[in-house]
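Next come the chains, spelled out residue by residue.
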Amino acid sequence: MPLLTLCVESDLTILRSMPDSEASERPGPGVPGGIERIGVVGCGLMGSGVAEVSARAGLAVVVVEAEDELAKAGRFRIEASLSRGLKSGKISQEDLDGALAKIDVTSDYDTLGACDLIVEAVTESEPAKEEVFRILDRVVENPEAILASNTSSIPIMKLGMVTARPERVVGLHFFNPVPVLKLVELVPSLLTGEDTVSRVEAFATERLGKRVIHCQDRAGFVVNALLIPYILSAVRMMESGFASAGDIDTGMVEGCAHPMGPLALADLIGLDTTAAVAQSLYEEFKEPLYAPPPLLLRMVEAGLMGRKAGRGFFEYARL
Ligand SMILES: NC(=O)c1ccc[n+]([C@@H]2O[C@H](COP(=O)([O-])OP(=O)(O)OC[C@H]3O[C@@H](n4cnc5c(N)ncnc54)[C@H](O)[C@@H]3O)[C@@H](O)[C@H]2O)c1
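Procedures and definitions
Residues numbered from 1 in each chain as written. Predicted model: local features only at pLDDT ≥ 70, side-chain atom pairs only at ≥ 80, totals over all residues. Helix = DSSP H or I, 4+ residues; strand = E, 2+ residues; numbered from the N terminus. Rg over C-alpha atoms; globule rule 2.2 N^0.38 Å. Contact = placed C-beta atoms within 7 Å. Domains from an automatic or database assignment. Nonpolar A, V, L, I, M, F, W, Y, C, P; charged D, E, K, R; others polar. Buried ≥ 20, exposed ≤ 12 C-beta atoms within 10 Å, placed from the backbone. Pairing = 2+ DSSP bridges. Right-handed = clockwise from strand over helix to strand, strands pointing away. Core = buried A, V, L, I, M, F, W, Y, C linked by C-beta atoms within 7 Å. Near = placed C-beta within 6 Å. pLDDT = per-residue confidence, 0-100. Axes fitted to C-alpha atoms, helices over the stretch in contact; angles between N-to-C directions. Left-handed = near helix turned anticlockwise from the far one by under 90°.

## What about the overall build of the protein chain?
Helix and strand counts for the protein chain come out as twelve helices and eight strands. Taken over the C-alpha trace, the protein chain has a radius of gyration of 20 Å; the compact-globule value for 319 residues is 20 Å, and the two agree within 12%. Seen through its principal axes, the protein chain has C-alpha atoms that stretch 65 × 55 × 35 Å. In the protein chain, once contacts between residues fewer than 6 apart in sequence are set aside, the share between residues at least 24 apart is 68%.

## What about the domain arrangement of the protein chain?
When its domains are assigned, the protein chain resolves into domain 1 (3-214) and domain 2 (223-309). Just the C-alpha atoms count here: the centres of domain 1 and domain 2 sit 26 Å apart. Contacts between the two partners involve eight residues from domain 1 and, on the opposite side, eleven residues from domain 2. Split by residue class, the side of domain 1 that touches domain 2 holds two nonpolar, four polar and two charged.

## Quick notes on unusual backbone geometry
Across the junction of Asn-176 and Pro-177, the peptide omega takes the value 0 degrees, indicating a cis bond. Note on placement: Pro-177 falls in the loop between strand S6 (169-174) and strand S7 (183-188). With phi around 50 degrees, Phe-221 is a residue other than glycine that occupies positive phi space. Assignment of secondary structure puts Phe-221 in the loop between strand S8 (211-214) and helix H8 (223-239).

## A few points about the pairing of S7
By the criterion of burial, S7 is predominantly enclosed, with five of the six residues buried. In terms of strand pairing, S6 meets S7 through five bridges, oriented antiparallel. In the strand pairing of S7, Gly-171 is matched with Val-187. Where S7 meets S8, four bridges bridge the pair, whose relative direction is parallel. Its bridge partner being in S8, Val-184 is matched across the sheet by Val-212. In this region the chain leaves S7, passes through helix H7 (residues 194-207) and returns to the parallel neighbour S8; the handedness of that crossover is right-handed.

## Topic: the nonpolar core
Core analysis: the largest hydrophobic core is formed by 55 residues, its most contacted members being Val-40, Leu-117 and Ile-118. Among the elements that line this core, the one with the most residues is helix H2 (residues 45-56), at six residues. When near neighbours in sequence (up to four residues on either side) are disregarded, Ile-118 contacts Gly-39, Val-41, Leu-112, Leu-136, Val-140, Ala-145, Leu-147 and Ala-148. In this structure, Leu-271, Ala-278, Leu-281 and Phe-313 belong to the second largest nonpolar core, which totals 26 residues.

## Here's the deal with the site of the ligand
Neighbouring residues of the ligand: 28 residues in total, closest Gly-42, Gly-44, Met-46, Ser-152 and Asn-176. Broken down by element, the residue count for the shell around the ligand peaks at three residues, all from H2. Here the shell around the ligand is composed, by residue class, of 15 nonpolar, eleven polar and two charged. Three or more residues apiece are contributed to the shell around the ligand by two domains, here domain 1 (3-214) and domain 2 (223-309).

## Details of the confidence of the model for the protein chain
In this model, the protein chain carries an average pLDDT of 91, and 90% of its residues clear a pLDDT of 70 or more. Low pLDDT (under 50) marks residues 1-29, which in the prediction has 15 contacts with non-local residues, meaning those over four places away or in another chain.

## Describing the pairing of strand S3 (residues 103-106)
Only one face of S3 is covered, namely the face carrying Ile-103 and Val-105; the face carrying Asp-104 and Thr-106 is uncovered. Here strand S2 (residues 60-64) pairs with S3 via four bridges, running parallel. Paired with Val-61 across the bridge in S3 is Ile-103.

## What to know about the packing of H8 against helix H10 (residues 262-269)
Viewed as axis vectors pointing N to C, H8 and H10 meet at an angle of 115 degrees, and their least axial separation amounts to 9 Å. Helix-helix and strand crossings are classified by hand; for H8 and H10 the assignment is left-handed. Across from Tyr-230, Ile-231, Ala-234 and Met-238 in H8, the residues of H10 making contact are Pro-262, Leu-263, Leu-265 and Ala-266. Residues that form the contact of H8 with H10 fall into these classes: eight nonpolar, no polar and no charged.

Encoded structure:
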């Protein structure tokens, strides 16, 4: 059989074996997915959010940052988010205290040894993530433990292949801000086991109350493959002098009822992350619409990372 036919058939087989989104709401027995102890690696925008929602769901969470100082900053980020939830009346003082008591933020990878599920949420860099997966493969004791990546664009296959357990490696892509947005993209590689997918899905839906969609292991998955070209078009529009940042964003907010404009959204995501995801999409598909525009790259080089840096396309109070 010609190679092309084989490839197409194997992708169709994967598609057929994927449960649809409605099926993602089916209940599972006992503790959802058998997952009780959560590890998170990286306590930036996303890792802190994953830690927060897991602790609020009553799970014990260990979060590992690269250094002690970053661990302190990460814990502060979680406390600040919970305090915002308290002020806005979304959670009680008891919820806040209970969640904080369940979270341990450290720089010691060995504390992840007993975890059932570890969500990697470090900077969007392939070498950095591969190194984290090599370490996780060494320190995690439970052979059933699942190693998930929150990557937006790096192939899950590559992360699985640096471990001795690719069948237990999966993409679990949360959305920012994690405590607010319900969606999670669940991304198996060609080697991810079906039980890994069903356990993670049970955890995400039943324990965290998330809505799961499934997609293949392709850069950008569903949402970023659609969202990033839109954001990059707005950057190109501004770069060419077509319209100002304010007018571009006002156009989409007032004209299309989007909750925020594309440039404010890029600032929220982080311009470094936006550029890295665009680069991965471009490398994967070689489509010009995914190529990061020079203005975006220059802003990243200048440290204008968006909201987290106090300045991107717009200015913000420092976090
Ligand atoms: N920002 C978003 O809107 C968004 C949305 C969905 C997914 N993601 C993905 O989530 C991941 C993290 O993005 P983010 O926005 O939280 O980035 P971020 O820059 O806010 O945080 C990354 C954190 O990882 C830490 N880190 C780096 N190397 C580490 C290591 N070896 N060990 C432990 N910690 C390490 C950094 O110190 C930093 O605190 C990326 O893969 C990104 O693509 C981001």
